[in-house]
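Understanding the architecture of this molecule
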Amino acid sequence: QVQLVESGGGLVQAGGSLRLSCAASGSTFGNYVMGWFRQAPGKERDFVASIRWSAGNSYYADSVKGRFTISRDNAKNTVYLQMNSLKPEDTAVYYCAADRGPLFIGTMATPGHECDYWGQGTQVTVSA
């Protein structure tokens with residue numbers, strides 16, 4: 001059973017930084033695509049970033065390019081989302097997700113795409 005557990009959310013001022021973590025367990029993730037999504041109150045869930053576990057290549061939503069960085073630590077089975085230059089518009093619940101491969105890393109950004117596994121989410125609040 002695959003489990004994804006997010007952590008690292010909190011309250012931060014605009015322009016600040018946070019690093020989210022997603023601890024993955026229950027499988028070997030070499031052929032997985034891992035990703036982050038976010039959902040603000042009253043809005044649809046949006047794709048943020050994805051990464052191929054094996055190769056480490058990544059893909060980003062336009063809204064976060066240049067500010068967010070997705071990465072993974074193979075030894076810790078953990079995926080990270082480093083968020084810099086945070087804006088109030090980034091306020092949302094952030095979810096870690098996983099898809100079994102083979103899969104293009106950009107597939108998670110496709111509207112209507114359903115990931116195989118989800119974490120419980122962690123709240124990120126950015127104050128103005």
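A short tour of the structure in this document, coming up. (Residues numbered from 1 in each chain as written. Predicted model: local features only at pLDDT ≥ 70, side-chain atom pairs only at ≥ 80, totals over all residues. Heavy atoms only, no water.)

Moving on to the overall build of the chain. Looking only at helices and strands, one finds zero helices and 11 strands in the chain. Shown N-terminal to C-terminal, the secondary structure of the chain runs as helices and strands in the order β-β-β-β-β-β-β-β-β-β-β. Taking 2.2 N^0.38 as the reference for a compact globule, 128 residues should give roughly 14 Å; the C-alpha atoms of the chain span a radius of gyration of 13 Å, in line with that estimate. For the C-alpha atoms alone, the extent of the chain along its principal axes is close to 40 × 30 × 25 Å. Looking at the chain as a whole, 44% of its 128 residues qualify as buried. Contacts in the chain between residues far apart in sequence, at least 24 positions, make up 59% of those at least 6 positions apart. Total accessible area on the chain stands at roughly 6400 Å², and carbon and sulfur atoms take up 48% of it. Between the mean site of the 11 positive side-chain charges and the mean site of the 10 negative ones, the chain shows a separation of 6 Å. (Helix = DSSP H or I, 4+ residues; strand = E, 2+ residues; numbered from the N terminus. Rg over C-alpha atoms; globule rule 2.2 N^0.38 Å. Buried < 20%, exposed > 50% of the residue type's maximum accessible area, 1.4 Å probe, protein only. Contact = heavy atoms within 4.5 Å. Areas by Shrake-Rupley, 256 points an atom, 1.4 Å probe, with all protein chains shown as cover. Lys, Arg positive; Asp, Glu negative; His and termini not counted. Charge placed at Lys NZ, Arg CZ, Asp CG, Glu CD.)

This part takes up the sheet that holds strand β7 (residues 68-73). Pairing between sheet strands relies on hydrogen bonds along the backbone, with the strands arranged either parallel or antiparallel. Taken in spatial order, the four strands of this open sheet run β1-β3-β8-β7, and their pairing is antiparallel. What marks the edges here is a single partner per strand, and that holds for β1 (3-7) and β7. With strand direction ignored, the average angle separating the axes of adjacent strands in the sheet is 15°. Pairing between β7 and strand β8 (residues 78-83): six bridges, direction antiparallel. (Pairing = 2+ DSSP bridges. Axes fitted to C-alpha atoms, helices over the stretch in contact; angles between N-to-C directions.)

Note that every value here comes from positions in space, so none of it alone points to a role or purpose.
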